[in-house]
Amino acid sequence: MELKLIKTLWGIDEPISIELFNSIKEEGYHGVEVIRLAWIDENNNSRDTLINSLNESGLACVCQIHTAGGYINSNNGEYVYCGAYDVAVHQQDFKKQLKECKELLTLVQNGGFINVHAGVDAWSNEEVIQFLHFCLNEIEQTTSITVTFETHRQRIFGSPFQTRDLLSMPSLAQSKYLKLNADLSHWYCSCERVFNSTDEDRDKIWWPKLLTLVSKRCEYIHARFGFAQGPQMSDPSATECDTDRRLQIEVWTLLMQEQQKKISSTGMIFVSPEYGPAPYMPTKPHTQEPVASLSKAVRFTKMVVEAIFDEIK
């Protein structure tokens, strides 16, 4: 059993290069997670640079795609995260980006997988099921590469309660291709509490059952300490974070233990200590100076994840 740490390039200002990726490799990471802009441009320069840097450094690649997004708006120069509501638009964009990622990953010597911010949080369950059946069929028909759906706000798994309903549906429960990236910091923020299955009756009733459902589908973890009013602690090592930190370590331990049971298929547990810059990282008014060190938060969480792994292996 191996712990495979993935480093997100979110929050790293340096351009992609062999030198950057070599330094990430030296930190003990197995791979990097990148968004679509890292491999798409008119002349394929970005794609070639990414592939060469991955192969020279020996890193794997996690391609993060945002359905109905992943591009720059030519009118204002801003990144489009989710630019449509229509289910069919998201379906066709998923199909397109799945093909792009498959072609990219076949050129990466250490391989990788795909992580998806999928759909729209405002969809009904019927719309979500329509979308997911299409996606799962595409995955089954077109690729043997692992595809995970992230529990991210604005997206179809952005609510723990809709996720609970979806994972309980027989039509989805039967699919072996429905796999999750558990980034539960989004749920803590949207529900204004870090769920506690032992002390609070309202969470004791439903949270353990949902966590079991998630753990059965979990193939990847975005390990970021969140809290009731935000998806990211500015400094997760602070003593005032002790209680929330302990609850989240318990969750990551359970998720990693469940991955350990499924280890025969891959031999690997994938975790990313993922933190982001502003607005995820709070800043001071007027100066926009970060209130804490992003790299320190990543290093601290990486050590926590490694300690959990050492304990359970």
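Whatever comes next refers back to the structure up there.
Below: a short report on this structure.

Calculation criteria
Residues numbered from 1 in each chain as written. Predicted model: local features only at pLDDT ≥ 70, side-chain atom pairs only at ≥ 80, totals over all residues. Heavy atoms only, no water. Helix = DSSP H or I, 4+ residues; strand = E, 2+ residues; numbered from the N terminus. Rg over C-alpha atoms; globule rule 2.2 N^0.38 Å. Buried < 20%, exposed > 50% of the residue type's maximum accessible area, 1.4 Å probe, protein only. Axes fitted to C-alpha atoms, helices over the stretch in contact; angles between N-to-C directions. Parallel < 35°, antiparallel > 145°, perpendicular 65-115°, else oblique. Left-handed = near helix turned anticlockwise from the far one by under 90°. Contact = heavy atoms within 4.5 Å. Nonpolar A, V, L, I, M, F, W, Y, C, P; charged D, E, K, R; others polar. 1 Å grid on protein atoms, 1.4 Å probe; cavity = no way out; pocket = protein on both sides within 12 Å on 5 of 7 lines; lining within 4 Å. Points joined across faces, edges and corners; volume = space filled by probe spheres on them. Pairing = 2+ DSSP bridges.

This paragraph deals with the overall build of the chain. Within the chain, the regular secondary structure consists of ten helices and ten strands. At 19 Å, the chain has a C-alpha radius of gyration in line with the 20 Å of a compact globule built from 313 residues. With the C-alpha coordinates aligned to their principal axes, the bounding extent of the chain is approximately 55 × 45 × 45 Å. Out of the 313 residues belonging to the chain, those deemed buried represent 51%.

This next bit is on the packing of helix α4 (residues 125-142) against helix α5 (residues 160-167). For the pair α4 and α5, interaxial distance at closest approach is 11 Å and the crossing angle is 60°. Between α4 and α5, the crossing angle belongs to the class labelled oblique. In this structure, the crossing between α4 and α5 has a hand that is right-handed. Two secondary-structure elements touch here, α4 through N125, V128 and I129 and α5 through Q162, D165 and L166. In terms of residue class, the contact of α4 with α5 is made up of three nonpolar, two polar and one charged.

Its location among the elements puts L20 in helix α1 (residues 18-26). Through-space distance from the C-alpha of L20 to that of T287 is 28 Å; in sequence the pair is 267 residues apart. Residues contacting L20, with those up to four places away along its chain left out, are I12, E14 and P15.

Now for empty space enclosed by the protein. Taken as a whole, this structure holds two cavities of 30 Å³ or more when the rule is applied. For the second largest cavity, the full set of lining residues is A182, D183, L184, S185, Y188, H222, R224, Q248 and W252. Across the lining of the second largest cavity, the residue classes tally to four nonpolar, three polar and two charged.

All right, on to the layout of surface pockets then. What the largest pocket holds in volume is close to 640 Å³. Around the largest pocket sit 28 residues that line it, and T8, L9, W10, G11 and I35 are the ones nearest its centre. Residue assignment for the lining of the largest pocket shows that the elements contributing at least two residues are β2 (31-35) and β3 (60-66). Residue composition of the lining of the largest pocket, by class: 15 nonpolar, seven polar and six charged. Considered as a void within the structure, the second largest pocket measures approximately 250 Å³ in volume. Taken together, 15 residues form the lining of the second largest pocket, with G112, F113, T146, M268 and F270 sitting closest to its centre. The set of elements that each furnish at least two residues to the lining of the second largest pocket consists of β3, β6 (112-117), β9 (218-222) and β10 (268-272).

In terms of residue burial, β3 counts as a mostly covered element, since seven of its seven residues are buried. Judged from the five bridges that link them, β2 and β3 form a sheet pairing that is parallel. Within the sheet, the bridge partner assigned to E33 lies in β3 and is V62. Relative to β6, β3 is paired through six bridges, and the arrangement is parallel. Directly across from H66, in β6, lies its bridge partner H117.

With that out of the way, let us pick up unusual backbone geometry. At the junction of A278 and P279, the peptide bond is cis and its omega measures out at 10° in the coordinates. Look at A68: it is not a glycine, yet its phi comes out positive at around 60°. Among the structural elements, A68 can be located in the loop between β3 and β4 (71-72). For A68, a relative accessible area of 7% corresponds to the buried category. One non-glycine residue, Q154, adopts positive backbone phi at about 75°.

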